[in-house]
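Examining the three-dimensional arrangement
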Amino acid sequence: MKLWVDVDTGVDDAQAIMLALSHPNVDILGISCCHGNTPLHNVLENTLTVLGVCDRLDIPVYKGCERPLLARKQHASDYHGKDGLGDVPDLVRPSLELLQKKKAPQAMIQAVKKHPGEVTLVATAPLTNLAVAVQLDPSFPKKLKALFLMGGNVDSRGNTTVCGEFNFVADTEAAYIVLDRFTCPTYIAAWEFSCASSLPWSFCDQWLSQCTPKAQFMKKITAVSRNSEDYQKEITAGKGFNSCDCYAMAAALDPTLMLENEEVAVSVELEGAHTRGMMVVDYMKLLNKKHKVSLMKKFDLTKFQVMLLKSLQ
Ligand code: BDR
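The rules behind these values
Residues numbered from 1 in each chain as written. Predicted model: local features only at pLDDT ≥ 70, side-chain atom pairs only at ≥ 80, totals over all residues. UniProt positions renumbered as here; feature names shortened; annotations may be inferred. Helix = DSSP H or I, 4+ residues; strand = E, 2+ residues; numbered from the N terminus. Near = placed C-beta within 6 Å. Nonpolar A, V, L, I, M, F, W, Y, C, P; charged D, E, K, R; others polar. Axes fitted to C-alpha atoms, helices over the stretch in contact; angles between N-to-C directions. Parallel < 35°, antiparallel > 145°, perpendicular 65-115°, else oblique. Left-handed = near helix turned anticlockwise from the far one by under 90°. Contact = placed C-beta atoms within 7 Å. Buried ≥ 20, exposed ≤ 12 C-beta atoms within 10 Å, placed from the backbone. Pairing = 2+ DSSP bridges. Right-handed = clockwise from strand over helix to strand, strands pointing away.

This paragraph deals with the UniProt feature "domain: Inosine/uridine-preferring nucleoside hydrolase" (unreviewed entry) in the protein. Residues annotated by UniProt as "domain: Inosine/uridine-preferring nucleoside hydrolase" (unreviewed entry) correspond here to residues 3-305. Along residues 3-305 one finds 39% helix and 17% strand; the C-alpha atoms at either end are 21 Å apart.

Right, here's the structure in full:
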């Protein structure tokens, strides 16, 4: 399968990239980087670092948007560390000279044009690069095989604002544009879905204790997030290990993991003192929107764990 990945690497983006790299018959045409979990220059470095660990620096990496379309820039360093990858001092950092010269939205458009109907796009970042791509080429989404994204929420439960999930809050206008203009088959792993599909911590320990360089790398970069105050609170409250970006990636790699989806029209709240960035789910079919997305509801967690284990071997 042909894949394009849009990331803001980020600990769980790193996990998602490694998932894709370990899956058979996947041709990653390119990885585009976006502002998000950490500033763009860190995202670029982190993406190359992950590819370096996996010995896949042959995959082209593109520089995307440095800031949201209109929203205020924000990052998630409490969870991902200041550098976005757990602030580990001794990581091997490949040279930024390896970056492609072309800009991410243009590169995405070109790759998809070359393989119309064949490319699956997985987006685990704020959706700025995708929104710019559709403005540059309105026919871009129609040429995609499918879009899988991590973002939004279905029960107005936020993780960044009261009602907003990080990727949709970090570029609300871009999220609105993508949900409005991407009429290709679209699958969404929303925040509450990933929380409800979290894995036992005993699995996480097993995953990280595999004696491989990839597992050792993962153990180092996850230490900051696992020790963060928020995470400790969640662990104490009985919540499991939640690698949210991996649900979107795993579903793209193997759609049989999606045991149950709900087809519904969605949009994004652009205004509202407390609700800006919230995904609006039209359960009552009042929006008159023809295009429906598939909201993931139930996942095959057994297969998912096997996939995760393999990704660090
Ligand atoms: C999303 O925000 C980021 O912190 C994660 O990488 C994920 O994409 C979860 O809200």
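In the vicinity of the ligand lie 15 residues, with Gly-10, Asp-12, Ala-76, Phe-166 and Cys-244 positioned nearest. Put simply, the parts of the chain that give the shell around the ligand at least two residues each are α1 (11-22), α6 (166-170) and α12 (244-253). In terms of residue class, the shell around the ligand is made up of six nonpolar, five polar and four charged.

Moving on: the packing of α1 against helix α10 (residues 213-227). Helix packing for two helices is described by the angle between their axes and how far apart those axes are. At a closest axis distance of 10 Å, the pairing of α1 and α10 adopts a crossing angle of 160°. Looking at the two axes, α1 sits roughly antiparallel to α10. Helix-helix and strand crossings are classified by hand; for α1 and α10 the assignment is left-handed. Of the residues in α10, those in contact with Val-11, Ala-14 and Met-18 of α1 are Lys-214, Ile-221, Thr-222 and Ser-225. Grouping the constituent residues of the contact of α1 with α10 by class yields four nonpolar, two polar and one charged.

What follows deals with the pairing of strand β2 (residues 27-33). Burial analysis of β2 places six of its seven residues in the buried class, the great majority of the element. Note that strand β1 (residues 2-7) and β2 share six bridges and pair parallel. Across the sheet, Val-7 pairs through a bridge with Cys-33, a residue of β2. What joins β1 to β2 is α1, and the crossover it makes is right-handed. Where β2 lies against strand β3 (residues 61-63), three bridges are found, and the strand directions are parallel. When the sheet's bridge partners are listed, Ile-31 is paired in β3 with Val-61.

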